[in-house]
Structure formats: C-alpha cells, structure tokens
Amino acid sequence: MMDTEAMTPARVVETYKPDILKLAAYIPWFMQKKGQQAAVNYGQDGIATHSVSFPVYDSNLLRFVKDAENTIFIDPNYRYVYARYHIRNTQDELSLIQKAGIGQMNVLGGILSNYVLGGRVKGTLWSRAAQDGVFLAILTKAKELIEFWESEKADTGEKNE
C-alpha cells in the first residue's frame with residue numbers, strides 16, 4: 001500500500017484502476033446483499049448441542065475476499081489508518097468513505113484491509129461488511145473517483161504520465 005496523498009490524481013488512477021475495475025464487478029451483488037446476511041451459521045442436525053457452530057459464507061463473498069486480497073488496496077498496517085482518522089465504528093468508516101477524495105485511496109484500502117484481513121481471524125467481519133454496506137461503499141466510491149478523474153483528464157486533453 002502506498003501513500004496516495006503524495007501522488008498526482010493521474011498516478012492514483014493509473015495505479016488503482018485495474019484493481020478497482022476487477023472489484024467493481026461485485027457492486028451489483030453487494031447492492032443485493034446490503035441489509036442481509038452473507039453467511040449462515042452451520043448448526044443443523046443438532047450439531048450445535050455437541051459441537052461449535054461455524055459460519056458458511058456465500059460463494060460470491062468468498063470470491064470477493066480472495067480477489068480483494070490480491071489487490072493494491074490491501075495493507076497489513078491498516079490499523080494506522082484507523083488511528084490517524086480516529087475510526088471507532090461503522091458510522092465513522094462510512095462517513096470517511098463518503099468524504100474521501102482521490103488522494104485518500106489509501107484510506108479506502110485501509111478500511112477494506114480491516115475487513116478482508118480481519119475476517120481471517122474474526123469470521124463475522126466479512127458478513128458484517130457486506131450487510132452494513134461497507135464493501136459496497138468502498139467499491140462505489142473508488143469507482144466514482146476513478147471515473148471522475150478520468151473524465152477530468154479527458155476534458156483537459158491531458159496525456160498519460
């Protein structure tokens with residue numbers, strides 16, 4: 001993960017666009033899943049009385065997590081973003097996502113990393129991010145920023161750097 005605040009908008013677009021396009025394919029699915037659970041706890045046939053129940057995730061959610069893990073967005077030091085911007089809860093995350101500009105693409109990556117990497121340890125994070133609309137907000141904001149800055153570049157006739 002890089003510090004996008006020090007990059008030009010054209011460089012941010014060039015760096016992040018391929019990964020955003022790959023992940024943007026999940027936007028329609030996340031729109032459907034907002035407010036719904038993307039995982040169920042397996043505890044059928046009385047297993048819960050003798051064993052620990054475990055989450056069974058939607059295959060689209062698992063595919064998204066796997067694709068997201070292999071993008072420039074993922075930052076193992078995502079906790080620094082949370083500390084720097086005083087993020088304490090989902091409302092803070094959604095508010096920051098909404099306010100993000102092209103120079104804060106690393107902030108979007110930090111929030112995405114919290115859920116993608118944190119979900120490896122705490123199983124409810126992936127499902128919660130889908131249900132609360134955090135994944136959807138990140139993807140739509142990132143796509144919106146890239147599209148805006150590409151149109152700005154086209155309007156000014158700017159060449160690729």
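Note that the structure is a prediction, hence the values are computed from the model and not measured.

Cut-offs applied
- Along each chain, numbering runs from 1 in the same order as the chain's sequence is written.
- Restriction of local features to residues with pLDDT of at least 70 applies here, the model being predicted, together with a cutoff of 80 or more for giving and counting side-chain atom pairs; totals for whole chains, interfaces and linings are based on all residues.
- No hydrogens and no water enter the side-chain calculation; it runs on all heavy atoms of the structure.
- When a carboxyl oxygen of Asp or Glu lies within 4 Å of a side-chain nitrogen of Lys or Arg, that pair is called a salt bridge.
- The way it works is that DSSP assigns letters per residue, a run of H or I at least four long becomes a helix, a run of E at least two long becomes a strand, and they are numbered from the N terminus.
- Three exposure classes are used, based on accessible area relative to the maximum for each residue type with a 1.4 Å probe and protein chains only: buried under 20%, partly exposed in between, and exposed over 50%.
- Contact criterion: two residues are considered in contact whenever any of their non-hydrogen atoms come within 4.5 Å of each other.
- Throughout, an axis means a line fitted to C-alpha atoms (over the contacting stretch in the case of helices), and angles, computed between N-to-C directions, take values from 0 to 180 degrees.
- Convention used here: angles under 35 degrees read as roughly parallel, angles over 145 as roughly antiparallel, angles from 65 to 115 as roughly perpendicular, and any remaining angle as oblique.
- Charged means Asp, Glu, Lys or Arg here, nonpolar means Ala, Val, Leu, Ile, Met, Phe, Trp, Tyr, Cys or Pro, and polar covers whatever is left, Gly included.
- The convention is simple: Lys and Arg are positive, Asp and Glu are negative, and His and the chain ends are not counted.
- Aromatic contacts are taken between Phe, Tyr and Trp rings whose centres are within 6.5 Å, Trp giving its six-membered ring; a plane angle under 30 degrees counts as stacked, one over 60 as edge-to-face, and the others as tilted.
- Crossing handedness is read from the near helix: turned anticlockwise from the far helix by less than a right angle, it gives a left-handed crossing, and turned clockwise, a right-handed one.
- Polar contacts, as counted here, are pairs of nitrogen or oxygen atoms within 3.5 Å of one another; within protein the pair requires one atom able to donate a hydrogen and one able to accept it, and residues that are adjacent in sequence qualify only if both atoms are side-chain atoms.

Caption draft 1: View of the pattern of salt bridges. The full count for this structure, using the stated rule, is seven salt bridges. Notably, a salt bridge pairs Glu147 with Lys143, separated by 3.1 Å at the nearest N-O pair. Placement of the pair is Glu147 and Lys143 together in helix 9 (residues 134-156), with a separation of four residues, close to one helical turn. Taking the relative accessible area as the measure of exposure, Glu147 reaches 44% and is therefore partly exposed.

Caption draft 2: Expanded view of the environment of Val116. The residue Val116 is located in helix 7 (residues 105-118) in this model. Val116 has contacts with Val65, Ala68, Glu69, Ile74, Trp126 and Phe135, leaving out every residue within four places of it along the chain.

Caption draft 3: Layout of the packing of helix 4 (residues 59-69) against helix 8 (residues 124-132). The contact between helix 4 and helix 8 brings their axes to 11 Å, and the two run at 105°. Classified by the interaxial angle, the pair formed by helix 4 and helix 8 is roughly perpendicular. Between helix 4 and helix 8, the contacting residues are Leu61, Leu62 and Val65 on the first element and Trp126, Ser127 and Ala130 on the second. A breakdown of the residues in the contact of helix 4 with helix 8 according to their chemical character gives five nonpolar, one polar and no charged.

Caption draft 4: Structural view of the side chain of Glu93. Mapped onto the elements of the fold, Glu93 is located in helix 6 (residues 90-99). This buried residue, Glu93, is left without a salt bridge; Arg128 holds the nearest opposite charge, at 5.5 Å. In this view, Glu93 contacts Tyr82, Ile87, Ile111, Asn114, Tyr115 and Val134; residues no more than four positions away in its chain are not counted.

Caption draft 5: Region of the structure containing unusual backbone geometry. Phi at His86 is positive, roughly 55°, even though this residue is not glycine. Turning to its location among the elements, His86 is positioned in the loop between helix 5 (79-84) and helix 6. Assessed through its relative accessible area of 53%, His86 is described here as exposed.

Caption draft 6: Structural context of the packing of aromatic side chains. The tally for this structure, following the rule as stated, stands at nine aromatic pairs. Taking 6.4 Å as the distance between ring centres and 80° as the angle between the ring planes, the aromatic pair formed by Tyr78 and Tyr82 counts as edge-to-face. Of the two residues, Tyr78 and Tyr82, neither departs from the other in class, the shared state being buried.

Caption draft 7: Quick peek at the packing of helix 1 (residues 9-24) against helix 7. It is the contact of helix 1 with helix 7, at a shortest axis distance of 12 Å, that shows an interaxial angle of 35°. Crossing geometry of helix 1 relative to helix 7 is assigned as left-handed. Contacts from Val12, Tyr16, Ile20 and Leu23 of helix 1 reach helix 7 at Met105, Asn106 and Leu112.

Caption draft 8: Representation of the side chain of Asp75. Take Asp75: it is sitting in the loop between helix 4 and helix 5. Polar side-chain contacts of Asp75 include one of 2.9 Å to the backbone nitrogen of Asn77.

Caption draft 9: The arrangement of the environment of Ile27 in detail. Locating Ile27 in the fold gives a position in helix 2 (residues 27-33). Taking relative accessible area as the criterion, Ile27 reaches 10% and is therefore assigned buried. For the pair formed by Ile27 and Ile138, sequence separation is 111 residues and the distance between their alpha carbons is 9.7 Å. Discounting chain neighbours no more than four positions away, the residues touching Ile27 are Leu136, Leu139, Thr140 and Lys143.

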